[in-house]
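Descriptive structure summary
One letter stands for each residue in the lines below.
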Amino acid sequence: MTQLPHLTHVTHPLVQHKLTLMRDQDTPTAVFRQLLREISQLLAYEITRELPMTTKSITTPMEEMEAPTLEGRKLALISILRAGNGLLDGMLELIPSARVGFVGLYRDEDTLEPVQYYFKVPDHMSERMVIAVDPMLATGNSSIAAIDLLKKSGAKDIRFLCLLASPEGIAAMKAAHPDVPIVTAAVDSHLNDHGYIVPGLGDAGDRMFGTK
Ligand code: URA
């Protein structure tokens, strides 16, 4: 099982530079989307460090060799809709053979609890490394609910990838799913009264899709 710590903060200069550009309210939608695509690949590189490896025999133009290759079932990337799709696109460029799933949740305005409206994941979840993606770990409610559903589908080796995390969201995730490591590009100061991350970057879905 994973050797990753509960929280990995990716401080690589390229990640931090791109994130600053994304936070800027004057960054246009097209640039925001492109940056998200680029940053998601750098984060994917970090979170897949422990993919199991084996070797296979190949022949180079010089000689035969036992060469390293990925082992086992393809990993599963799970987008938590809708903002998760922004991270997913870039990750799929880096890991084109990954299997893909989607979890859709909305917040019931009376109970404030997340309610599932869509759930579709690859088969053999128990045998795959599963990476759930959502750019913002804010209250953690929807991410925790999504991981509850992934565990019900059989997933055992789950990681969570986000761009920004709040201290509140990290604590909530650790309490609910201590076995799920979080990889993030930043841990921000706090949540405001509306559940937005401060200083944050605003509504990630609106910024990537150009909605309000
Ligand atoms: N979702 C967002 O898109 N932004 C936040 O700051 C919090 C949740």
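Every residue gets a number counted from 1 within its own chain, in the order that chain's sequence is written. Only residues with pLDDT of at least 70 get local features here, since the model is predicted, and only at 80 or more are side-chain atom pairs given and counted; chain-wide, interface and lining totals rely on the full set of residues.

Here we look at the overall build of the chain
- Per the secondary structure count, the chain includes six helices and 14 strands.
- We compute the radius of gyration over the C-alpha atoms and compare it with the globule rule, which gives 2.2 Å times the number of residues raised to the power 0.38. Its C-alpha radius of gyration of 18 Å places the chain within 12% of the 17 Å reference for a compact globule of 212 residues.
- C-alpha atoms of the chain, sized along the principal axes, occupy 65 × 40 × 30 Å.
- To sort residues by burial, count the other C-beta atoms lying within 10 Å of each one's C-beta; a count of 20 or more means buried, 12 or fewer means exposed, and anything in between means partly exposed. C-beta atoms are built from the backbone. For the chain, the residues scored as buried account for 35% of the 212 residues in total.
- In this description, any two residues whose backbone-derived C-beta atoms lie within 7 Å of each other are considered to be in contact. Taking all contacts inside the chain whose residues are at least 6 apart in sequence as the whole, residues at least 24 apart take part in 63%. Counting from the N terminus, the helices are DSSP H or I runs at least four residues long and the strands are E runs at least two residues long.

Brief notes about the site of the ligand
- Only the C-beta atom matters for this test: placed from the backbone, it must lie within 6 Å of a molecule or strand for the residue to be near it. Surveying the vicinity of the ligand reveals the residues Ala83, Met136, Ala138, Gly195, Tyr196, Ile197, Gly200, Asp203, Ala204 and Gly205.
- Broken down by class, the residue content of the shell around the ligand amounts to six nonpolar, three polar and one charged. Any residue that is not Ala, Val, Leu, Ile, Met, Phe, Trp, Tyr, Cys, Pro, Asp, Glu, Lys or Arg is counted as polar, Gly included; the first ten are nonpolar and the last four charged.

A word on the environment of glycine 90
- Of note, glycine 90 is situated in helix α3 (residues 84-94).
- You can call glycine 90 buried: it has 22 C-beta atoms within 10 Å.
- The contacts of glycine 90, once residues within four sequence positions are left out, are Leu36, Arg37, Glu38, Ser40 and Gln41.

Notes on the packing of helix α2 (residues 29-47) against α3
- Comment: axis = line fitted to C-alpha atoms, over the contacting stretch for helices; angle = value between 0 and 180 degrees taken between N-to-C directions. The contact between α2 and α3 brings their axes to 7 Å, and the two run at 55°. With respect to each other, α2 and α3 are oriented oblique. Handedness of the crossing formed by α2 with α3: right-handed. Where α2 abuts α3, its residues Arg33, Leu36, Arg37, Glu38, Ser40, Gln41 and Ala44 lie against Gly86, Leu87, Asp89, Gly90, Met91, Glu93 and Leu94. Roughly parallel here means an angle under 35 degrees, roughly antiparallel means over 145, roughly perpendicular means 65 to 115, and every remaining angle is called oblique. Crossing handedness: left-handed means the near helix sits turned counterclockwise from the far one by under a right angle, and right-handed means the same turn made clockwise.

What about the UniProt feature "binding site: uracil" (unreviewed entry) in the chain?
- Listed under "binding site: uracil" (unreviewed entry) in the UniProt record, and renumbered for this structure, are Ile197, Gly202, Asp203 and Ala204.
- Among the structural elements, isoleucine 197 can be located in strand β14 (residues 197-198).
- Aside from chain neighbours lying at most four places away, what touches isoleucine 197 is Met136, Ala138, Leu164, Ser166, Asp188 and Leu191.
- Topologically, aspartate 203 is positioned in the loop between β14 and α6 (204-209).
- A tally of 14 C-beta atoms within 10 Å means that aspartate 203 is categorised as partly exposed. UniProt positions are given in the numbering used here, feature names are shortened, and annotations may be inferred rather than shown by experiment.

Some points on the sheet that holds strand β12 (residues 186-187)
- Two strands make a pair as long as DSSP finds a minimum of two bridges between them. On the basis of which strands lie adjacent, the open sheet formed by three strands has the order β8-β10-β12 and parallel pairing. Sheet topology places β8 (136-137) and β12 at the edges, where each strand pairs with a single neighbour.
- Sheet topology places strand β10 (residues 164-165) next to β12; two bridges connect them, and they run parallel. Following the sheet pairing, alanine 165 is matched in β12 by valine 187.

A few points about the UniProt feature "binding site: 5-phospho-alpha-D-ribose 1-diphosphate" (unreviewed entry) in the chain
- Taken from the UniProt record, the annotation "binding site: 5-phospho-alpha-D-ribose 1-diphosphate" (unreviewed entry) applies to Arg82, Arg107, Asp134, Pro135, Met136, Leu137, Ala138, Thr139, Gly140, Asn141, Ser142 and Asp203.
- With respect to the helices and strands, proline 135 occurs in the loop between β7 (129-133) and β8.
- With near-sequence residues (within four places) excluded, proline 135 lies in contact with Ala83, Gly86, Leu87, Cys162, Leu163, Leu164 and Ala204.

Thoughts on the environment of lysine 174
- With respect to the helices and strands, lysine 174 occurs in helix α5 (residues 167-176).
- Separated by 128 residues in the primary sequence, lysine 174 and glutamate 46 have C-alpha atoms spaced 20 Å apart.

Some remarks on the pairing of strand β9 (residues 157-161)
- Most of β9 sits inside the fold, with four of its five residues counted as buried.
- Bridging between β7 and β9 involves five bridges; their strand directions are parallel. When the bridges of β9 are listed, valine 133 appears paired with leucine 161.
- Note that β9 and strand β11 (residues 182-184) share two bridges and pair parallel. Looking at β11, one finds that phenylalanine 160 is bridged to isoleucine 182.

A closer look at the pairing of strand β5 (residues 99-107)
- For strand β4 (residues 76-80) and β5, the ladder comprises five bridges, and the chain directions are parallel. Across the sheet, alanine 76 pairs through a bridge with arginine 99, a residue of β5.
- Inspection of the sheet shows β5 paired to strand β6 (residues 114-120) by six bridges, in the antiparallel sense. In the sheet register, valine 103 faces β6, and the bridge partner there is phenylalanine 119.

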